[in-house]
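The residues making up each chain are set out below.
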Amino acid sequence: MKDYKNFTVWQKSHQLTLDVYKVLNDFPKDEIFGLISQMKRSSSSIPTNIAEGCGRNSDKDFARFLIIAFGSANELEYQFILSKDLKFIDLETSEKLLFQIEEIKKMLNSLISKLIK
């Protein structure tokens, strides 16, 4: 069993989730059951799936959960592109968060590659 808190990708994805929740406080309140809810779920899904995968018994199972986390990162990436285009967030905030997502995706991809060799 691996301790998920020791993985840098988990630490970064946890921080991303905290940042997402903070940014969402400024979104239009009529999006609470729409985009806000979706973005909270997709952002928290990344570190959640890393944590769940660490509790599995094999590298193959761990890799499967990392792939799910990667999918959630892609989902969140699109949601920030949409949020920027809808003018819910400014360009600077969008770029900062998209950079964090890209970094996490690269880390997930690297870890997945190592596990499925």
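Residues numbered from 1 in each chain as written. Predicted model: local features only at pLDDT ≥ 70, side-chain atom pairs only at ≥ 80, totals over all residues. Heavy atoms only, no water.

(A) Helix α1 (residues 8–24), seen in detail. Relative to the 24 Å expected for 17 residues at 1.5 Å per residue, α1 spans 24 Å between its end C-alpha atoms, a close match to the ideal helical length. All of the buried residues along α1 are Val9, Trp10, Ser13, Leu16, Thr17, Asp19, Val20, Val23 and Leu24. On its buried face, α1 sits against α2 (35–54), α3 (59–85) and α4 (91–115). (Helix = DSSP H or I, 4+ residues; strand = E, 2+ residues; numbered from the N terminus. Expected span 1.5 Å × (residues − 1). Buried < 20%, exposed > 50% of the residue type's maximum accessible area, 1.4 Å probe, protein only. Contact = heavy atoms within 4.5 Å.)

(B) Representation of the side chain of Ser42 within the structure. Within the element layout of this structure, Ser42 appears in helix α2. Since its relative accessible area comes to 3%, Ser42 is described here as buried. If we skip the residues at most four places from it in the chain, Ser42 touches Ser72, Glu75, Leu76 and Gln79.

(C) Layout of the packing of aromatic side chains. For the structure on display, the rule yields three aromatic pairs. On the basis of an interplanar angle of 70 degrees and a centroid distance of 5.1 Å, the ring pair of Tyr4 and Trp10 is categorised as edge-to-face. Centre to centre, the rings of Phe7 and Phe62 are 5.6 Å apart; their planes meet at 70 degrees, and the pair counts as edge-to-face. Of this pair, Phe7 sits in the segment before α1 while Phe62 is found in helix α3, placing the two residues 55 residues apart along the sequence. In this arrangement the basic side chain of Lys5 is found over the ring face of Tyr4, its NZ or CZ atom lying 4.6 Å from the centre. (Phe/Tyr/Trp six-rings, centres within 6.5 Å; stacked < 30°, edge-to-face > 60°. Lys NZ or Arg CZ within 6 Å of the ring centre and 35° of its normal.)

(D) Spotlight on the side chain of Lys105. Here Lys105 is to be found in helix α4. Residue classification places Lys105 among the buried positions, given a relative accessible area of 10%. Those residues within four positions of Lys105 in sequence are excluded, and the remaining contacts are Phe70, Ala73, Asn74 and Glu77.

(E) Quick peek at the packing of α1 against α4. Two numbers describe how α1 lies on α4: the axes approach to 10 Å, and their chain directions differ by 155 degrees. Between α1 and α4, the crossing angle belongs to the class labelled roughly antiparallel. The handedness of the crossing between α1 and α4 is left-handed. Every residue of α4 that contacts α1 at Thr8, Val9, Lys12, Ser13, Leu16, Asp19 and Val23 is listed here: Thr93, Lys96, Leu97, Gln100, Ile101, Glu103, Ile104, Met107, Leu108 and Leu111. Looking at the contact of α1 with α4 residue by residue, the classes come out as nine nonpolar, four polar and four charged. (Axes fitted to C-alpha atoms, helices over the stretch in contact; angles between N-to-C directions. Parallel < 35°, antiparallel > 145°, perpendicular 65-115°, else oblique. Left-handed = near helix turned anticlockwise from the far one by under 90°. Nonpolar A, V, L, I, M, F, W, Y, C, P; charged D, E, K, R; others polar.)

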